[in-house]
Amino acid sequence: MKDTFAKLAWSAVAMLSVSGAALAAEYDFRFQSSDPAGNANFLLQQSWAEDVAARTDGRIAIELLPVGTIVAHSETQDAVAAGILNGHFTDTSYFAGKEPAFGLIANPVGAWSDPEQMLDFMENGGGKELMNTLMEPYGLHFIGATTPGLEAFLSKVPLDGVDDLKGLKMRAPEGMVQKVFAAAGAAPVNLPGSEVFTSLDKGVIDAADYTVFSTNHAQGMHDIATHPVYPGFHSMPLVEVSINKATWDALPTDLQEALEDSVSDFARKQIGVLAERDAAAVAEATASGKVTVHDWPAEERARFRAIAKDEWAAAAEASEASMLVYETLTGYLSDKGLLQ
């Protein structure tokens, strides 16, 4: 791995030396996303890079690269630390194999019922400081968080509460999501996203944790999974924007503040845009007469969260950092009255 990163670093230096004379920016950065080119999230992220240039009067120029451009999505943390990339725009859970705490903070299943709750935790409830406690030992600095919002839940059968999850054949990725659904009585299996549609269509599964409603709808998922749960009750991924720590430390304070503000503003933009798309997709789906949207009542969401809490506690035992995440997260939720 070290030899690979050394070669990539040399390549990066060579590329920059060729183009360096043409760069007018005071700081020219390359960030890699975990989303592919053309993806709705990636297109929004490109607008973030444009915003950074505008609000810094061109002093910072960010080239945002799609997933896999320089390294695999699971290797960007090492690449940023090594200086091959200047930063990344990615789901924190990809690095749970290195430190279990990344998995718990990335998606504490059932914790959030609104994106603003997570953002408030990050910005005002100790989340930002927690992220840097976790990340700075790995050579990265956490700038801020965003999220596509609460993911909808795909289902071919009516689901109106926790009891309906019993024995449900469903797709769930490995980790916290799968553990919580198993604890709720479902029968989760790990399938790649590329197999969700065909698995639903052929009856291999009857439900799936996948992504937000509008994306599900655009991909034709509701043609076969006609009982979606929306708003989602389970999953809302944390997407981090982080930078090489030494690079961050060397930036003037005004540019650090500009980057932090840009991510905070972008998060609201992304959430707002996708929420509008979701609302339009829900209206279109229900108007067809073929789709029934199920919105779980507060008491059922609370029941699911109670199950998830036990899994958070179990996950906290994985490492000292995981326990720190658990204590900080549950402390915030308790203070805000969100654990009832």
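Here, every reference points to the structure presented above.
Because the structure is predicted, anything quoted here is derived from the model rather than measured.

### Quick notes on the layout of surface pockets
Here the largest pocket defines a volume of roughly 1100 Å³. What lines the largest pocket is a set of 40 residues, and nearest its centre among them are Asp91, Tyr94, Glu151, Tyr210 and Pro237. Put simply, the parts of the chain that give the lining of the largest pocket at least two residues each are α2 (40–55), β3 (87–91), α4 (100–106), α7 (176–183) and α11 (253–287). The residue inventory of the lining of the largest pocket, partitioned by class, reads 16 nonpolar, 18 polar and 6 charged.

### Considerations on the pattern of salt bridges
For side chains of opposite charge, pairing can occur when their charged atoms come near one another. As enumerated under the stated definition, the model contains 14 salt bridges in all. The partner of Asp51 in a salt bridge is Arg55, with the nearest N and O atoms 2.8 Å apart. Linking Asp51 with Arg55, this pair stays in helix α2, spanning 4 residues, or about one helical turn. Taking the shortest distance from any N to any O, the salt bridge between Lys166 and Asp163 comes out at 3.9 Å. Several salt bridges share partner residues, and in doing so they unite Asp163, Lys166, Glu300 and Arg303 into one network.

Rules and cut-offs
- Residues numbered from 1 in each chain as written.
- Predicted model: local features only at pLDDT ≥ 70, side-chain atom pairs only at ≥ 80, totals over all residues.
- Heavy atoms only, no water.
- 1 Å grid on protein atoms, 1.4 Å probe; cavity = no way out; pocket = protein on both sides within 12 Å on 5 of 7 lines; lining within 4 Å.
- Points joined across faces, edges and corners; volume = space filled by probe spheres on them.
- Helix = DSSP H or I, 4+ residues; strand = E, 2+ residues; numbered from the N terminus.
- Nonpolar A, V, L, I, M, F, W, Y, C, P; charged D, E, K, R; others polar.
- Salt bridge = Lys/Arg side-chain N within 4 Å of Asp/Glu carboxyl O.

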